[in-house]
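Topology and contacts: notes
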Amino acid sequence: MQTIKSPYNFKGGIHPAYHKELASGSAIQGLPLPATLSVPMSQHLGAPAKPCVKAGDEVKKGTLIGAQAGFISAPVHAPVAGKVNAIAEVLTASGRPCQAVVIERVESDETDFMQPMTNWQSRSKDELLARISEAGIVGMGGAGFPTKIKLSPPMDKPIDTLILNGAECEPYLTSDHRMMVEHAREIRLGAEIARSILGAKTLRIAIEDNKPDAIAAVEKAFEGVAGDVALTVLRTSYPHGSEKQQIYAVTGREVPRGGLPMDTGCVVENVSTAFAISEAVVKGIPLIQRVITVTGDAVQNPANLMAPFGTSYQSLIDACGGFRGGRPAKVISGGPMMGFAVSSLATPTGKTASGVLLLSPGRVSQYTSQACISCGRCVDACPMRLIPSELSQFVEADDIEGAEGIALMDCIECGSCAFVCPAHRPLVQHMRRGKACIMAQRAAAKAKRD
Ligand code: SF4
Ligand code: SF4
């Protein structure tokens, strides 16, 4: 496999302080399992799973506890053995309420996994897709889109290139980084399975140049993979992990406005998703846990923890030695650019939670937003070629139609505009509010039509 330097630089983007050194050298470790886990039914994009167990039921590790509840949905499995205490409401990291299956854990080695597919090459594409769906695999880079759907593009959208996303461009986060260093062989296997399902002749692995040990591990693990395979080294720049920017950086192809990655003949899968595919197909293990980076200047011992879903943020922090220097000023689920501030440490982990960031008061700035001074910095920084200043003003004036007219829905909520804005305008909040209004309007119109 050859290693090449990306010849393409996407427009805009920023270079924040990365602070990855806090956790990047910390090998993946387990944690003392909590007595009770609240496993959310909404850990993915689309309809929440429907609980299929009730209080008093006994479950094994891997038992189906939430059934897929629509075309865009995913099943949920018990991450530990135990007894179902209740079906209760919890708040997810994004602050949305959802149902959770509360499991009181018991010590048990019994599992309820699927049959391993040892000779996966002999299985049909439909069998492999069914396994990925049954295992509840969704995109683990943050979006949570069901992987089975992503690997099943329509006939008129042939895919020639699979890109494995190992950019992990968010500051502080190192979970994908550690997965590449420690599990590159399993990632290779998951990539080969996904590539064979898609029939993609080309495979690219995209990693930013601030992860030399991950680059070395992937180069070694992918030696001997047949066909057009290369590792593309990206210059470190945020948001290289975003699908559209990554497709451009790797292939030079641009996703058309309003279009999807598959319009360019590419599918992008996160490296941790590739690992999950390998586990499900080769070992029969459903998606029940993931690596979470617990980091920041307000936690004692930053670490990368393999945590079963439903573990509370408090348990993760306890496993890292607790707070450093008193209560943090801010706890963020995810990274500082695209993450969500969480209001309660009882928040349970899920399939898309790659990090918990604890920041001391010294790291959190308080600003008063001012009027736009038309400096244009946000326009220069926007990787989607939008005009954030105008979009924000449309949304502030409740002119949602006006914002939609200048492509608000193309905003990827990367936060680059807000990062550079000298007037400290809450640009991302405006984008999120405007997009939510448009989605609500579209849903209402659809309901009326149906
Ligand atoms: S948050 Fe949206 S508008 Fe702002 S820079 Fe990112 S894509 Fe552009
Ligand atoms: S960066 Fe801020 S102040 Fe400058 S144009 Fe954009 S919104 Fe206005």
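Anything mentioned here points back to the structure above.
Given the structure is predicted, the values throughout are model-derived calculations rather than measurements.

On to the pairing of strand E14 (residues 303-308). Taken across its 6 residues, E14 has 6 buried, putting it largely inside the fold. By the alternation rule, side chains of E14 split into Ala303, Leu305 and Ala307 and Asn304, Met306 and Pro308, which are all buried. Sheet topology note: the strand E13 (residues 289-295)/E14 ladder contains 6 bridges and is antiparallel. Pairing of isoleucine 292 across the sheet is with leucine 305, part of E14.

Now for the nonpolar core. Core analysis: the largest hydrophobic core is formed by 49 residues, its most contacted members being Leu151, Leu164, Ile187 and Phe222. Sorting the residues of this core by element identifies helix H1 (125-134), strand E9 (161-166), helix H3 (175-198), strand E10 (202-208), helix H4 (212-221), strand E11 (228-234) and helix H6 (271-283) as the ones contributing at least two each. Summarising the domain contributions, this core has at least three residues from each of domain 1 (2-24 + 116-283) and domain 2 (36-113 + 286-363). Setting aside residues up to four positions removed in sequence, leucine 164 forms contacts with Ile187, Ala191, Leu203, Arg204, Ile205, Ala206, Phe222, Gln246, Glu269, Val271 and Ala274. Core analysis: the next-biggest nonpolar cluster, separate from the first, contains 19 residues, Ala303, Leu305, Cys320 and Ala353 among them.

With that settled, the discussion passes to the site of ligand 1. All residues adjacent to ligand 1 are Cys382, Pro383, Met384, Pro388, Cys411, Ile412, Glu413, Cys414, Gly415, Ser416, Cys417 and Met431. A class-by-class count of the residues in the shell around ligand 1 yields 9 nonpolar, 2 polar and 1 charged.

To continue, consider a nonpolar patch on the surface. On the surface, Leu45, Phe71 and Ile72 cluster together into a nonpolar patch covering about 310 Å² of accessible area. Structurally, the position occupied by leucine 45 is in the loop between strand E2 (36-40) and strand E3 (50-51). Its relative accessible area of 43% is what places leucine 45 among the partly exposed residues.

It is worth spelling out helix H5 (residues 243-251) at this point. For H5, the set of buried residues is Gln245, Gln246, Ile247, Ala249 and Val250. The elements touched by buried residues of H5 are E9, E10, E11 and strand E12 (266-270). The first or second residue beyond H5 is glycine 252, which carries a positive phi of 80 degrees.

Bringing the sheet that holds E11 into the picture now. Taken together, the 5 strands give an open sheet; going across it, the order is E1-E11-E10-E9-E12, and neighbouring strands pair in parallel fashion. Because the sheet does not close on itself, it has two edges, and the strands there are strand E1 (2-5) and E12. Going from strand to strand, the sheet's axes swing by 25 degrees on average, the running direction of each strand aside. Sheet strands in contact with H3 are E9, E10, E11 and E12, and its direction is about 165 degrees off that of E9.

So, about the packing of aromatic side chains. Overall, the coordinates contain 1 aromatic pair when judged by the stated rule. When the centroid spacing of 5.6 Å and the interplanar angle of 50 degrees are considered together, the rings of tyrosine 8 and tyrosine 248 count as tilted. Highlighted residues: tyrosine 8 in the loop between E1 and E2 and tyrosine 248 in helix H5, separated in sequence by 240 residues. Given the relative accessible area of 22%, tyrosine 248 is considered partly exposed.

Listed in full, the buried residues belonging to helix H9 (residues 388-396) are Pro388, Ser389, Leu391, Ser392 and Val395. Along H9, the residues classed as buried sweep out an arc of 165 degrees about the axis, all on the same side. Looking at the buried side of H9, the elements it contacts are helix H8 (377-381), helix H10 (400-405), helix H11 (416-420) and helix H12 (427-449). The positive-phi residue at the C-terminal boundary of H9 is aspartate 398, with phi of around 60 degrees.

In terms of burial, strand E17 (residues 355-359) is a largely internal element, 5 of the 5 residues being buried. Burial along E17 is two-sided: Gly355, Leu357 and Leu359 facing one way and Val356 and Leu358 facing the other are all buried. Examined bridge by bridge, strand E15 (residues 330-333) and E17 share 4 bridges and lie antiparallel to one another. Within E17, the residue paired with valine 331 across the bridge is leucine 358.

Within this structure, the stated rule accounts for 19 salt bridges. The partner of glutamate 182 in a salt bridge is arginine 178, and the shortest N-O contact between them spans 2.9 Å. One end of the pair, glutamate 182, and the other, arginine 178, are both in helix H3, 4 residues apart, so they sit about a helical turn from each other. You can call glutamate 182 partly exposed: its relative accessible area is 30%. With a closest N to O distance of 3.0 Å, arginine 204 and aspartate 228 form a salt bridge. In this pair, arginine 204 sits in strand E10 while aspartate 228 sits in strand E11, placing the two residues 24 residues apart along the sequence. Taking the relative accessible area as the measure of exposure, arginine 204 reaches 13% and is therefore buried. Shared partners join several salt bridges into a network, and the residues in it are Glu413, Arg432 and Lys435.

Moving on: the packing of H9 against H12. The contact between H9 and H12 brings their axes to 9 Å, and the two run at 60 degrees. In terms of orientation, H9 and H12 fall into the oblique class. As for the relative orientation of H9 and H12, their crossing is left-handed in sense. Between H9 and H12, the contacting residues are Pro388, Leu391, Ser392, Val395 and Glu396 on the first element and Leu427, His430, Met431, Arg433 and Gly434 on the second. Counted by class, the contact of H9 with H12 contains 5 nonpolar, 3 polar and 2 charged residues.

With that out of the way, let us pick up the sheet that holds E2. Taken together, the 4 strands give an open sheet; going across it, the order is E2-E8-E7-E4, and neighbouring strands pair in antiparallel fashion. The open sheet terminates on both sides in strands that have one partner only, identified here as E2 and strand E4 (58-59).

Procedures and definitions
- Residues numbered from 1 in each chain as written.
- Chains lettered and ligands numbered in written order.
- Predicted model: local features only at pLDDT ≥ 70, side-chain atom pairs only at ≥ 80, totals over all residues.
- Heavy atoms only, no water.
- Buried < 20%, exposed > 50% of the residue type's maximum accessible area, 1.4 Å probe, protein only.
- Helix = DSSP H or I, 4+ residues; strand = E, 2+ residues; numbered from the N terminus.
- Pairing = 2+ DSSP bridges.
- Core = buried A, V, L, I, M, F, W, Y, C linked by side-chain atoms within 4.5 Å.
- Domains from an automatic or database assignment.
- Contact = heavy atoms within 4.5 Å.
- Near = heavy atom within 4 Å.
- Nonpolar A, V, L, I, M, F, W, Y, C, P; charged D, E, K, R; others polar.
- Patch = residues over 30% accessible without salt bridge, like charges linked within 9 Å, V, L, I, M, F, W, Y side chains within 5 Å.
- Areas by Shrake-Rupley, 256 points an atom, 1.4 Å probe, with all protein chains shown as cover.
- Salt bridge = Lys/Arg side-chain N within 4 Å of Asp/Glu carboxyl O.
- Axes fitted to C-alpha atoms, helices over the stretch in contact; angles between N-to-C directions.
- Phe/Tyr/Trp six-rings, centres within 6.5 Å; stacked < 30°, edge-to-face > 60°.
- Arc of directions from axis to C-beta.
- Parallel < 35°, antiparallel > 145°, perpendicular 65-115°, else oblique.
- Left-handed = near helix turned anticlockwise from the far one by under 90°.

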